[in-house]
Amino acid sequence: MKDHSKGPVPVIGAGLAGSEAALQIADAGFAVRLFEMRPGLPTPAHQTGNCAELVCSNSLGSKLPDRAAGILQAEMRALGCLMLDDAEACSVPAGQALAVDRDRFGERVTARLEAHPLIELVRDEVKTVPTDDVAIIASGPLTSEALANDISRLAGIQHLSFFDAIAPVVTAESLNRDIIFAASRWGKGEADYLNIPLEKDHYLAFVDAVLTSEKHELKEFEVADPRAKQFFERCLPIEILAARGRETLRFGPMRPVGLDDPRSGRWPYAVIQLRQENTLGTLYNMVGFQTNLRYPEQERIFRLLPGMENAEFTRLGSMHRNTFVNAPQLLTSTLEWRQREGLFLAGQITGMEGYLGNIASGLVAGRNAVERLRGTTPRPLPTTTLLGALCHHVAHSPSSNFQPMKAEMGLLPPLYPPVHKSQRKAAYAARSADEMAAFLHNGGPATVAPPSS
Ligand SMILES: Cc1cc2nc3c(=O)[nH]c(=O)nc-3n(C[C@H](O)[C@H](O)[C@H](O)COP(=O)(O)OP(=O)(O)OC[C@H]3O[C@@H](n4cnc5c(N)ncnc54)[C@H](O)[C@@H]3O)c2cc1C
C-alpha cells in the first residue's frame, strides 16, 4: 500500500468540480490543499474571487425527478454530494428549475471551504501537473496557459483542445430510416454512416434557412484569443461556409459523392452524414455541422431536413473557448489518468458539460481519490445511472473527434424489457435509483444488463 502520510492532496481549481472534490476528500478525513488562482490571476469569464462561481446562467437545470438534471441530482444526493445542499440553500424561485443566487452560492461554498479544518485554500496558480501519489486537476474550461502547456506535455499536444466544435447530436430512434440511409462513401468498408439525402430545391432552401437564422456572437475574449483564428479556419461553422457561396456546403460537409441513395439508385444533390456518437449506437452526430446558430433556430432548421422531422436533439451545436482533454484516449471511467494511477481529472477539462455534471464529476473524482488514499481500487458507477453513463461516455466515446457532452438520457442503455415511450423517463429514473442503491450497498449492479445492440 502507498504511503499517503506525506502531505495534503493537491486539488487544482476551486471551481464547481474542484470545490466538490476537495470537500469529499476532506470529509473523508484526508487533508487537502486546494489551489485557486483567482482573484490574483483572473480568467476572462469569472467576475469574482469566489470559489464555485457560475460564469453565465444561474440555473442548474430541472428539479423534476424524471428529467436528466433531476435524475442526476438524485444520483448526486445518493452519493453524498455536498454542494447540492449549498445550491438549495441559495436557490431562487425558478419554476421547476434549481436556480441559485450566484453570489450567495459562491460566497457560501467559499466560506465552507475556508472553514473546513482539513482544507487549506491557497490563492495561487499551479503551473505544473502535481507529482503527488493522489491529485486532482479541475482547472476548468479556462485553465491557465502554463498548466495547460504542462497537461499537453503529459497528454501529447494532439490530446488537448482549446476550443470545442460541437455538432448537434440526435437520438437514433428519432430518425426516419425510410428516408435516411446507411452507407459509407464509395461503399468502402462497413456502412457506418447514416445519410440524409437532399435534392436541389431542398438543399437551396436549407442554405437560405442557415443564412437567415440568428447566430450567437462569440465573447470578446474568445475572438481575441490568438488560437481562435487558426481554430475557426480549420473547423468552419456551417453558417460561415454558407455565407461563402450557395454551393460551398455541397463541396464541404454536405458532399454527396460516392453515396448512392437506395431509393433513387444515384447520388443525391447533397448529403448530411450522421456518425455514431456512443458505443451503444443510440446517438448520432451531424458530421461537420459545428455551428453557432441559436439553439431554437438549430432545432427548427434541422427538423426541415428529410427524415429529421421528428429529430430529438440531445446536444445542439456550438463553438467556444474550452480547454478539454481527449478523454477516450487518456481517462478511465473513474476519471483517473490511464497511465498514472492516482491522478484524477474533474470538471469541464474531462469533456463533461454543464454546471451540474461538473459538480458531479468533482464528486466522482473526489470519492475515487479517497479510494486510492485508502489503498483500494475505485469502481466505475453503473452505466445505467446517468452519472455512470456520462463517465463511461467520456472514457469510451468511439468518436474520433471527441467533443464535450452533458448528462443526457440518450447516453443511457435501452430499458430491458422495453418500455413505452410515454413511460420511459420515469423508468430510467427508477432504474437509476435501483442501480445506484445496489452500487452503494452491494458493490454491483442490481439488474442484468440489456443485450448489447
Ligand atoms: C463564458 C462561459 C460561459 C459558460 N456558461 C455556462 C452556462 O451557462 N451553463 C453551464 O452549465 N455551463 C457554462 N459554462 C461552462 C462552465 O464553465 C462549466 O459548466 C463549469 O463552470 C465548469 O466547472 P469546472 O469546475 O470544470 O471549471 P470552473 O468552474 O471554471 O473552475 C475551474 C477553476 O480553476 C481555476 N484555475 C484555472 N487554472 C488554474 C491554475 N493553473 N491554478 C489554479 N487555479 C486554476 C479557475 O480560476 C477556476 O476557478 C460556461 C463556460 C464559459 C467559459
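Everything numeric here is computed off the predicted structure, so don't read it as measured data. (Residues numbered from 1 in each chain as written. Predicted model: local features only at pLDDT ≥ 70, side-chain atom pairs only at ≥ 80, totals over all residues. Heavy atoms only, no water.)

1. Quick look at the nonpolar core
No. 1: In this structure, Ile25, Leu34, Leu60, Met76, Phe105, Ile136 and Val325 are the most contacted members of the largest nonpolar core, which totals 102 residues.
No. 2: A per-element tally of this core places helix H12 (residues 355–373) first, with 10 residues.
No. 3: Two domains each donate at least three residues to this core, and these are domain 1 (9–163 + 321–442) and domain 2 (169–316).
No. 4: In this structure, Val170, Tyr203, Val210 and Tyr269 belong to the second largest nonpolar core, which totals 34 residues. (Core = buried A, V, L, I, M, F, W, Y, C linked by side-chain atoms within 4.5 Å. Buried < 20%, exposed > 50% of the residue type's maximum accessible area, 1.4 Å probe, protein only. Helix = DSSP H or I, 4+ residues; strand = E, 2+ residues; numbered from the N terminus. Domains from an automatic or database assignment.)

2. Quick word on the domain arrangement of the protein chain
No. 1: Segmentation of the protein chain into domains returns domain 1 (9–163 + 321–442) and domain 2 (169–316).
No. 2: Computed from C-alpha atoms alone, the centre-to-centre distance between domain 1 and domain 2 is 30 Å.
No. 3: Tallying the contact residues gives 23 residues for domain 1 and 19 residues for domain 2.
No. 4: Together domain 1 and domain 2 conceal approximately 1800 Å² of surface at their shared face, both sides included; 59% is due to carbon and sulfur atoms.
No. 5: For the interface between domain 1 and domain 2, the tally reads three salt bridges.
No. 6: In this structure, Arg321 and Asp225 form a salt bridge, with 3.2 Å as the shortest nitrogen-oxygen distance.
No. 7: Looking at the side of domain 1 that touches domain 2, the elements with two or more residues in it are strand E8 (160–166), helix H13 (386–396) and helix H14 (421–442).
No. 8: In terms of residues, the side of domain 1 that touches domain 2 owes the most to one element, H13, which gives three residues.
No. 9: Per-class residue counts for the side of domain 1 that touches domain 2 are 11 nonpolar, eight polar and four charged. (Contact = heavy atoms within 4.5 Å. Buried area = accessible area lost by both parts, 1.4 Å probe. Salt bridge = Lys/Arg side-chain N within 4 Å of Asp/Glu carboxyl O. Nonpolar A, V, L, I, M, F, W, Y, C, P; charged D, E, K, R; others polar.)

3. Examining unusual backbone geometry
No. 1: Between Arg38 and the following residue, Pro39, the backbone shows a cis peptide bond with an omega angle of 0 degrees.
No. 2: Structurally, Pro39 is set in the loop between strand E2 (32–35) and strand E3 (59–62).
No. 3: Put simply, Tyr416 and Pro417 share a cis peptide bond, and its omega is 0 degrees.
No. 4: Tracing the chain through its elements places Pro417 in the loop between H13 and H14.
No. 5: Residues other than glycine seldom take positive phi values, yet Ala52 does so here, at roughly 50 degrees.
No. 6: Tracing the backbone shows Ala52 in the loop between E2 and E3.
No. 7: By relative accessible area, Ala52 is classed as buried at 0%.
No. 8: One non-glycine residue with positive phi stands out, namely Trp186, at about 60 degrees.
No. 9: A relative accessible area of 52% means that Trp186 is categorised as exposed.

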